[in-house]
Amino acid sequence: MSWKNKDITPSLPEVYASIDVPQTGSFWRKLWAFTGPGLMVAVGYMDPGNWATDIAGGSKFGYTLLSVILISNLFAMLLQHLSLKLGIATGKDLAQACRDAYSKPTVIVLWLLCEVAIAACDLAEVIGSAIALNLLFGMPLSVGVVVTVLDVLVLLYFQNKGFRMLESIVAALIFMIFLCFSYEIAVSHPSFSQIVGNLVPKKEIIVNPDMLYVAIGILGATVMPHNLYLHSSIVQTRDFEKSTEGKRSAIKFATIDSTISLGFAFFINAAILIVSAAAFHTSGNQQVADIHDAYHLLDPVLGVKMAGICFAVALLASGQNSTLTGTLAGQIVMEGFLNLHLKPWLRRLITRLLAVIPALIVTLIYGEKGTGELLVLSQVILSLQLSFAVVPLVMFTSSKKKMGEFANSKLVEITSWVVSIIIIVFNMYLLWDTLM
């Protein structure tokens, strides 16, 4: 069945088609015009929720789980390609596509699940930023949580300067995280032969139940449901030709942008695990699974002064970055599913308060230990929501009636379903194990 509603309000109307794409010019000029959305999506793959699983994997099992980070990233590259293709080929983001295809009760349920996932994701960002402020400035966790409300005002200020400004801030923060972890790797002196050797999956990952559990945690924390909604929307900020040829070109350049950006996310996730393996696993500190522990142990274990500070600065940058994209995803989801247009400041304030209130209660009652457990809970909630975003995405992009000539080829369709089933099964296993 093709789309029911042909005339829809564009996704993020205030920035829709606001960035020029040159019709003529070199390959590099065109690629530059499409560079940005991929970086905003890549942020979700290196948010504070991923840190705990990567630290635990490195400290407990050394470099063995690097292959899992690589496989997770390859899965992410495929799913983000499908997401951007949906947005460019149909002019609808994933939330609008769901509203068009499903009954009203189904749409309401999908919207509520997505809002819960975005609040859970924002929870991880709030906690990550609060922990970073605590580590860097000794700010109490509860005060750090309240300070993160100010992010909303900063975001609104910069969004009024244009979408390119938002993309530039995200790029600068990713570059800061990249520099911090390049330094961490340099001072931790990892074994490069082991790094290369462990990019190939080892049988023991499946055989060892403890290792399999952490591996599934890494996979579950990697693919973020809200990113699939976000990407299908923000690729439409580019003013490309709406002809078949124009869309084909846009999909090509947006896919290059997305794949390179997710390469950065792979480097940063791998770097967290590598530093944890080199600093903790090899020195006998194999029970480090907590951001606080990692920060306090880095300097004495590595024997350098700046390792812990760099770690905390990268964590703060990661939390701020994820905040930018999480609140934007909230706006896309509400407008797409419900066709409800709130003022941006009100929408962002609601999203942030949904995350801040539980984080504040937990930090006041349980302190440091509670925030660690809340981080884990946020990842479980995200795991639950994932299949509700992945399955419609693969269905829509595989449909010739909905996508026309841009529908997935048979090979891409089969690969997408295999990847989706692996992700869903692993997430269900993780959820069952956590609850039991």
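Model, not experiment: these values are computed from the prediction. (Residues numbered from 1 in each chain as written. Predicted model: local features only at pLDDT ≥ 70, side-chain atom pairs only at ≥ 80, totals over all residues. Heavy atoms only, no water.)

What's the story with the packing of aromatic side chains in this structure? I'm lost.
Between two aromatic rings, the relevant description is the distance of the centres plus the angle of the planes. Within this structure, the stated rule accounts for ten aromatic pairs. Ring geometry for W51 against F181: centres 5.4 Å apart, planes inclined by 65°, an arrangement best described as edge-to-face. Remark: F181 occurs in helix α9 (residues 163-188) and W51 occurs in helix α3 (residues 48-61); sequence separation between them is 130 residues. A ring pair is formed by Y102 and F396, whose centres lie 5.9 Å apart and whose planes are at 35°; its orientation type is tilted. With Y102 in the loop between α5 (94-101) and α6 (104-137) and F396 in helix α17 (residues 344-398), this pair connects stretches of sequence that are 294 residues apart. One aromatic cluster is present, built from ring pairs that chain together F27, W28, F34 and F253. Across from the ring centre of F240, 4.2 Å away, lies the NZ or CZ of K242, which sits over that ring. Positioned above the aromatic ring of W3, the side-chain terminus of K402 is 4.4 Å from the ring centre. (Phe/Tyr/Trp six-rings, centres within 6.5 Å; stacked < 30°, edge-to-face > 60°. Helix = DSSP H or I, 4+ residues; strand = E, 2+ residues; numbered from the N terminus. Lys NZ or Arg CZ within 6 Å of the ring centre and 35° of its normal.)

Would you explain the side chain of S83 in this entry?
Turning to its location among the elements, S83 is positioned in helix α4 (residues 66-90). Within polar-contact distance, the side chain of S83 engages the backbone oxygen of L228 at 2.7 Å. Discounting chain neighbours no more than four positions away, the residues touching S83 are N227, L228, H231, S232 and L393. (Polar contact = N/O pair within 3.5 Å; in protein donor to acceptor, adjacent residues only side chain to side chain. Contact = heavy atoms within 4.5 Å.)

Would you take a moment to explain a nonpolar patch on the surface for this structure?
A grouping of W345, L346, L349, I350, L353, L354, I357, I361, L364, I365 and Y366 is seen on the molecular surface, where their side chains present a nonpolar patch of about 1100 Å² in accessible area. Tracing the backbone shows I365 in helix α17. Among the residues examined, I365 registers a relative accessible area of 57% and is labelled exposed. (Patch = residues over 30% accessible without salt bridge, like charges linked within 9 Å, V, L, I, M, F, W, Y side chains within 5 Å. Areas by Shrake-Rupley, 256 points an atom, 1.4 Å probe, with all protein chains shown as cover. Salt bridge = Lys/Arg side-chain N within 4 Å of Asp/Glu carboxyl O. Buried < 20%, exposed > 50% of the residue type's maximum accessible area, 1.4 Å probe, protein only.)

Can you walk me through the side chain of S232 in this structure?
Relative to the elements of secondary structure, S232 occurs in helix α13 (residues 225-234). Accessibility expressed as a relative area gives 0% for S232, which makes it buried. A distance of 2.9 Å separates a polar atom in the side chain of S232 from the backbone nitrogen of L94. Within the structure, S232 has its side chain in polar contact with the backbone oxygen of Y229 (distance 2.8 Å). Once you skip the residues sitting within four places of it in the chain, S232 turns out to touch S83, G87, K92, D93 and L94.

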